[in-house]
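Residues per chain, in single letters:
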Amino acid sequence: MREYGIGQSVPRVEDQRLLTGRGNYTDDRAVPGAAHMAVLRSPHAAATITEIDTSAARAMPGVIEVLTAGDLNADGIGGLACGVKRKQRDGSPMAEPPYPLLADGEVHLVGQAVAAVVAETRAQAMDAAEAIEVGYEASAPVTETARARDAGVAQVWAEVPNNESFLFELGNRAATDAAFAGAAHVVSVDLDVSRVATNTMEPRAAIGFFDPLEERYTLYAGVQSPHRLRNDLCANVFRIPEGKLRVISPDMGGGFGMRGSPFAEHALVLWAARRTGRPVRWTAVRSEALASDYHARDNVTRAELALDGDGTFLGFRVSTDAALGGFLSNTGPHSPTNNLGGLSGVYRTPHVFAEVRGVYTHTSPTATYRGAGRPEASYAIERTIDVAAHELGIDPVELRRRNMIAPADLPWDTGFVFTYDSGEFERCLDKAVAAADRDGFAARRAASSDSGRLRGMGIASVIEIAGGPLPIPNEESASVRFDTDGGVSVLMGTHSHGQGHETAFRQIASEALGVPFDSIRVHYGDTDLVHHGKGTFGSRSNSVCGAALLRASEKFVDRARHIAAHLLEAAAADIAFADGVFSVTGTDREITLVEVAKASYQPARMPAGEELGLAESAIVLPPGPTYPNGCHVAEVEIDPETGVVTLAAYTVVDDVGVALNPMMVKGQVHGGVVQGAGQALMERIVYDPDSGQLLTGSFMDYAMPRADDFPFFDVHEHNVPSKNNPLGLKGAGEAGTVGALPAVMNAICDALRPLGIRHFDMPATPERVWAAIRSARNSA
């Protein structure tokens, strides 16, 4: 079975279905008798609702129901809640105003849901929504994160002074300040990490069902964590036992963290289904998604690095204001506070301190997005190192080398959240700069200069956490069962939405059980079918759920061994297992696992008193996190006359522990690099600061990266198996994004540095780059 086992580049089995139009997405499901829902959204960023008149809408053709906050309150329906808790400066719980499914008296962002219409057709529902008359008293908004705590700015919530929800501190402030006080050099840089939209290929969609006989809901929607979503909706919205809601998550066109949170529409279709007695469906249009999807990133940071006279790092500290939006999403505080460990990087910095203030603005709530705080942390340390290198006159590669953790030092406790178990960080750096031909860069820069262009190279040596303990338990489940025909069904607690899980988990099961790859079926995404699960997020699926699958397979083989011993008339201690075959040691008697599984359904062939059938489950809590790491090298060329930035070359050397499927690992790295570089080069959500209107409300204004924006990605591996995972895996889903954001920005800043530009903030759009070059030349 090694042809399909761990380490083999097995083509993705799901691609034939997905690429030929046979995927099963939420909007593909035909539901007889289903009604359609449309949502009326606020055109104001900050306003009091003075009245809602639904009479005209109710009278329109096909309209079944018009719902407002008054109906929610009458039915006792709750709101959304944040699952990541932090504290205010005085130690009290963070400021968390209520988050109703429909606006209740006031709105706090453009796109907030105000009313819902259920009608026979989608067009009728949308037309009726436009007929609802809403009276608003608009007020001044605040949309800029850097201004949210300024004196005199608009307050998003009257009960939240200075718009500050929480203050989160990590590290030893006194020790870090002392390190800075004794430093020979202190380098600081102000960083603005732009707000971005997730823009999943498939817009959000949901279908709600209600069975009045069982008094049970069913939600059909593409989500990353079906069990967690079910639990949140049951506890906070409907206040019902978890068994009263089934969540089915079919194929999904991208999640990236955004679809790991509950949304109002999930609850609204269920509630509407109960009220109308019919299934109710909703699918967002793209402009609606850009306004109402949770956004990501959006923070401003002062980063400071203390060094001694030889360039040794003494301390690193950051102070950040992180935008939360108008409400706290389920994961709002997670990204700016839960992944701060990446600020340590792969360096021996003895003292690190971070303070993060979560601030409300009149914008869409923020949530997790590929990397979820890891790219921001890596950008802070890697960008500051580059600034320090040039201001101290030290080669950026050399400055990194001087401070890198050596393999002999592992395990390494950073003293700031993380303890690294494995890795060869300097080897990754050396292989990356060699593959990128850094020695030849000076000649390429000279050639660009001769043609009137600027050229820069950026390096980022990064590390991230994956699949480890979180503030909430991070266990995962897997079940293995043999069917009566000898086929294998694998039930996983994670969800696949582009990662290739159907292939990867088949590879693990095929190797562990020694059964044919094509005989394995992978099931997921149904809370009735899979008894327990946490879902897919944080590059955890293969490492955590894979470990659960391995453990379930081992239990499966152990039980099958006893049955095989009975069938072979031998003692269980004398039974060996290899490549799917049980054999009696020292003899030629043997029987396959498939034959044993078939026999397990035949009472006459089973040991007396033995339970029929063959199935095992496992729920595994990893002993510790894993730490994917690597080095990214980006090379850019800039046309100073137009400001156009061309990504000329991109090199990656990644350590993912063990490449379960090298081809899929490369695919994950490619996608991650595009999302990180996309933010660096072009992506940005923009609100008008005066009105709070969303200015990037369609793809005419929100730039999305395309294939022709990128060169060939030169991806290499330098894997050191993790000691915290039985398969040695570390995770790969977010590695590309974590490295791309700092590498591309360092390259752009390197290209602009000869003009006297010390730092340039993302995104590097042509207009912004052109303006910066003109300003620098005028100053000169």
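The sections below set out a description of the structure shown in this document.

Thresholds, definitions, all that
Residues numbered from 1 in each chain as written. Predicted model: local features only at pLDDT ≥ 70, side-chain atom pairs only at ≥ 80, totals over all residues. Heavy atoms only, no water. Helix = DSSP H or I, 4+ residues; strand = E, 2+ residues; numbered from the N terminus. Buried < 20%, exposed > 50% of the residue type's maximum accessible area, 1.4 Å probe, protein only. Pairing = 2+ DSSP bridges. Axes fitted to C-alpha atoms, helices over the stretch in contact; angles between N-to-C directions. Contact = heavy atoms within 4.5 Å. Phe/Tyr/Trp six-rings, centres within 6.5 Å; stacked < 30°, edge-to-face > 60°. Lys NZ or Arg CZ within 6 Å of the ring centre and 35° of its normal.

### Describing unusual backbone geometry
Here the residue pair leucine 410 and proline 411 is connected by a cis peptide bond, since its omega of 0° sits within 30 degrees of zero. Topologically, proline 411 is positioned in the loop between α11 (396-403) and β16 (412-413). Cis geometry marks the peptide bond from methionine 762 to proline 763; its omega dihedral reads -5°. With respect to the helices and strands, proline 763 occurs in the loop between α18 (735-752) and α19 (766-779). For alanine 372, which is not glycine, the phi torsion reads 45° and is therefore positive. Note on placement: alanine 372 falls in the loop between β15 (352-360) and α10 (374-392). Even without glycine at this site, aspartate 579 takes up a positive phi of about 50°. Along the chain, the position of aspartate 579 falls in the loop between β22 (575-578) and β23 (581-584). The exposed category is assigned to aspartate 579, whose relative accessible area is 66%.

### Describing the sheet that holds strand β25 (residues 615-620)
Taken in spatial order, the four strands of this open sheet run β21-β20-β19-β25, and their pairing is mixed. Bordering the open sheet on either side are β21 (520-523) and β25, each of which pairs with just one other strand. Across the sheet, the mean angle separating the axes of adjacent strands is 15° when strand polarity is ignored. Of the pairings in the sheet, the one linking strand β19 (residues 476-482) to β25 comprises six bridges and is antiparallel in character. Following the sheet pairing, valine 480 is matched in β25 by glutamate 616. Of the strands in this sheet, β19, β20 (488-492) and β21 are in contact with helix α14 (residues 501-513), which crosses β21 at around 130°.

### Topic: the packing of aromatic side chains
Counted under the stated rule, the structure contains 15 aromatic pairs. A cation over a ring is seen here: arginine 317 above phenylalanine 180, with NZ or CZ 3.8 Å from the ring centre. If you follow arginine 506 out to its NZ or CZ, it ends over the ring of phenylalanine 517, 5.4 Å from the centre.

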